[in-house]
Amino acid sequence: MKPAVGIREVARHAGVSNATVSNVLNRPDVVAPATRERVLAAIAELGFVRNESARQLRAGRSRVLAYVVLDAANPFFTDVARGVEDAAREAGFALYLCNSAADDGREREYLELLHEQRVEGILLTPVGADFSDVPSRGTPVVLVDREARTGTHCSVAVDDVLGGELAVTHLVETGHTRIAMVGGPMSIQQVRDRHEGALRALEEAGLPPSALTLLETDGLRVAEGRSAGERLVGLPSARRPTAAFCANDLLALGLLQSMTQQGLNVPDDLAVVGYDDIEFAAAAAVPLTSVRQPRDQLGRTAAQLLLAENEPDHEHRHVTFQPELVVRASTRIRRR
C-alpha cells in the first residue's frame, strides 16, 4: 500500500516551509495568493489528506457529534437522526450513529468509546431510567425523546402522556369501550407515559381502568405486534377488545398483519391506532391512524442544544413538543 503523504512531502514539492503548508490548511488568509495556489496544487497532485483526528486531538476538540439511538431498525429513530445530521452539517460537524439495540450494556460500551474518541457531544435516547452518570467524563450529553427531570442535562421529547390520551380519546369517541394497549417492555419510559395517557383518557370518559387491556410486549417491533394480535384474538369474546392502541407504528403494522392473517377486518373487527406516524403508516394495506411526532424537529433541536453546551452561561433546559393525531382508515365510527 502506498504510504500516506504528509505535510513535509507537500512542502518539499511546493518549495515552501512546513509552516506555510499548515497555514494554507488552517489560516489560508495569511498566505499570499500565489503561494497558496502553489501549495494547493501540490496537495492535489500528491493526493494529500489532512489528518483531521490528530489536529482535533491537539486542539482538544472534535468536529464530530454522536447519536446513540435506542433501535436503529425503527424508522422513527432514523428520521430523528436525519434531523440531527442536517443541523450538524449546517454547523460544520459530522455525525456518528450508534445503535444500543435497547441493550444497556451495549449502550455503556458505546458511551465509553465515544468519550475516548473525544467527540464534541453525545445525543442519547437512553435504554433505562438511570442516566445520571452519563456526562461524568466531561462530554456534553443531550437526551432525545426523553425528559431530563433532574436538571443535569438538556433534553427534547414529545408529551407522550398527551399522545396516549389523544389516541384512546379518539377510540372512545368512535364508539369503543374495550380497548387494548399493545406495547412494552414497561421499563421504557415512553411506553409507560403512553400507557398513563391511555388510562387518563378512560378516566375523563367515565370508563373504568379495566376497560384497558394491557398486552405487554418484549419489544417495539413488527413481530411483537403480530404476536400480540394472536394473543388478542385468543381472548374470550365477552371481554375481547374492539380497538387497540399500539405504543409505536411497528407494533401496529404487525397487529394489522396478524388481523389479516386471521381473516379479521380492520377497522370493523378491530380498530387500530399507532404511534410515531412513520412513512409506512400511511402506506399500509389499511392506512394507519397514528399519533404523529415531529421527528425532524426533535433531531434538529437536540443537535442545536448540544452545540450550545459550550457557550458561556449555558443553562440546561428541556424542550417539549406536542403530538398530533392523524386519522386514517384503520379507525372510524363504530357501527352499533
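Above: the structure in question.
Criteria and thresholds
Residues numbered from 1 in each chain as written. Predicted model: local features only at pLDDT ≥ 70, side-chain atom pairs only at ≥ 80, totals over all residues. Heavy atoms only, no water. Helix = DSSP H or I, 4+ residues; strand = E, 2+ residues; numbered from the N terminus. Buried < 20%, exposed > 50% of the residue type's maximum accessible area, 1.4 Å probe, protein only. Contact = heavy atoms within 4.5 Å. Areas by Shrake-Rupley, 256 points an atom, 1.4 Å probe, with all protein chains shown as cover. Lys, Arg positive; Asp, Glu negative; His and termini not counted. Charge placed at Lys NZ, Arg CZ, Asp CG, Glu CD. Pairing = 2+ DSSP bridges. Right-handed = clockwise from strand over helix to strand, strands pointing away. Phe/Tyr/Trp six-rings, centres within 6.5 Å; stacked < 30°, edge-to-face > 60°. Lys NZ or Arg CZ within 6 Å of the ring centre and 35° of its normal. Axes fitted to C-alpha atoms, helices over the stretch in contact; angles between N-to-C directions. Parallel < 35°, antiparallel > 145°, perpendicular 65-115°, else oblique. Nonpolar A, V, L, I, M, F, W, Y, C, P; charged D, E, K, R; others polar. Left-handed = near helix turned anticlockwise from the far one by under 90°.

Considering the overall build of the protein
Secondary structure assignment for the protein yields twelve helices and twelve strands. Expressed along its principal axes, the backbone C-alpha trace of the protein runs to roughly 90 × 40 × 30 Å. Out of the 336 residues in the protein, the part that is buried amounts to 50%. A separation threshold of at least 6 residues defines the contact pool for the protein, and within that pool the share at least 24 residues apart is 69%. As displayed, the protein offers around 16,300 Å² of accessible surface, 49% of which is attributable to carbon and sulfur atoms. Here the protein holds 37 positive side-chain charges and 45 negative ones, and the gap between their average locations is 5 Å.

Details of the pairing of strand β2 (residues 94-99)
Two elements, strand β1 (residues 64-69) and β2, share six bridges in a ladder whose sense is parallel. In the sheet register, Ala66 faces β2, and the bridge partner there is Tyr96. Between β1 and its parallel partner β2, the chain crosses via helix α5 (residues 75-90), and the hand of that crossover is right-handed.

Thoughts on the packing of aromatic side chains
All chains considered together, the criterion is met by two aromatic pairs. Look at Phe245 and Tyr275: their rings are 6.2 Å apart centre to centre, the planes differ by 50 degrees, and that puts the pair in the tilted class. Here Phe245 is found in strand β8 (residues 243-246), whereas its partner Tyr275 is found in strand β9 (residues 271-276), with 30 residues between them in sequence. The lysine or arginine in question, Arg63, covers the ring of Phe93, its NZ or CZ lying 4.1 Å from the ring centre. Against the face of Tyr275 rests Arg194, its NZ or CZ located 3.8 Å from the ring centre.

Structural notes on the pairing of strand β5 (residues 154-158)
In terms of burial, β5 is largely enclosed, as five of its five residues are buried. Residues of β5 alternate between two faces, with Cys154, Val156 and Val158 on one and Ser155 and Ala157 on the opposite face, all of them buried. Sheet topology places strand β4 (residues 141-144) next to β5; three bridges connect them, and they run parallel. Bridge pairing links Val144 to Val156 in β5. Pairing geometry for β5 and strand β11 (residues 318-321), over four bridges, is parallel. Across the sheet, Ala157 pairs through a bridge with Thr320, a residue of β11.

Details of the sheet that holds β2
Taken together, the six strands give an open sheet; going across it, the order is β2-β1-β3-β4-β5-β11, and neighbouring strands pair in parallel fashion. Each edge of the open sheet carries a strand with a single partner, namely β2 and β11. On average, each strand axis in the sheet is tilted by 15 degrees relative to the strand beside it, whichever way the strands run. Along the sheet face, α5 touches β1, β2, β3 (121-124) and β4 and points at about 170 degrees away from the line of β1.

Description of the sheet that holds β8
Across the sheet, which stays open at both edges, the six strands sit in the order β7-β6-β8-β9-β10-β12 with mixed pairing between neighbours. A strand with exactly one partner marks an edge of an open sheet, and here the two such strands are β7 (212-216) and β12 (324-326). Taken over all neighbouring pairs, the strand axes of this sheet differ in orientation by 20 degrees on average, direction set aside.

Topic: the packing of helix α2 (residues 18-26) against helix α3 (residues 33-46)
The description of two packed helices rests on the angle between their axes and on the distance between the axes. For the pair α2 and α3, interaxial distance at closest approach is 10 Å and the crossing angle is 90 degrees. When the interaxial angle is binned, α2 and α3 end up roughly perpendicular. Judged by residue contacts, Thr20, Val21, Val24 and Leu25 of α2 engage Thr35, Arg36, Val39, Leu40 and Ile43 from α3. Across the contact of α2 with α3, the residue classes break down as six nonpolar, two polar and one charged.

Topic: the packing of helix α1 (residues 7-14) against α3
Orientation of α1 relative to α3, taken along the N-to-C sense of each, is 120 degrees, at an axis distance of 9 Å. The angle between the axes of α1 and α3 places the two elements in the oblique class. The handedness of the crossing between α1 and α3 comes out as right-handed. Judged by residue contacts, Glu9, Val10, His13 and Ala14 of α1 engage Arg38, Val39, Ala42, Ile43, Glu45 and Leu46 from α3. In terms of residue class, the contact of α1 with α3 is made up of six nonpolar, one polar and three charged.

Some remarks on unusual backbone geometry
In this structure, the amide linkage connecting Gly184 to the following residue, Pro185, adopts the cis form with an omega of 0 degrees. Mapping Pro185 onto the fold places it in the loop between β6 (179-183) and α8 (189-204). Look at Ala101: it is not a glycine, yet its phi comes out positive at around 55 degrees. Inspection of the secondary structure puts Ala101 in the loop between β2 and α6 (104-116). The class for Ala101 is partly exposed, based on a relative accessible area of 36%.

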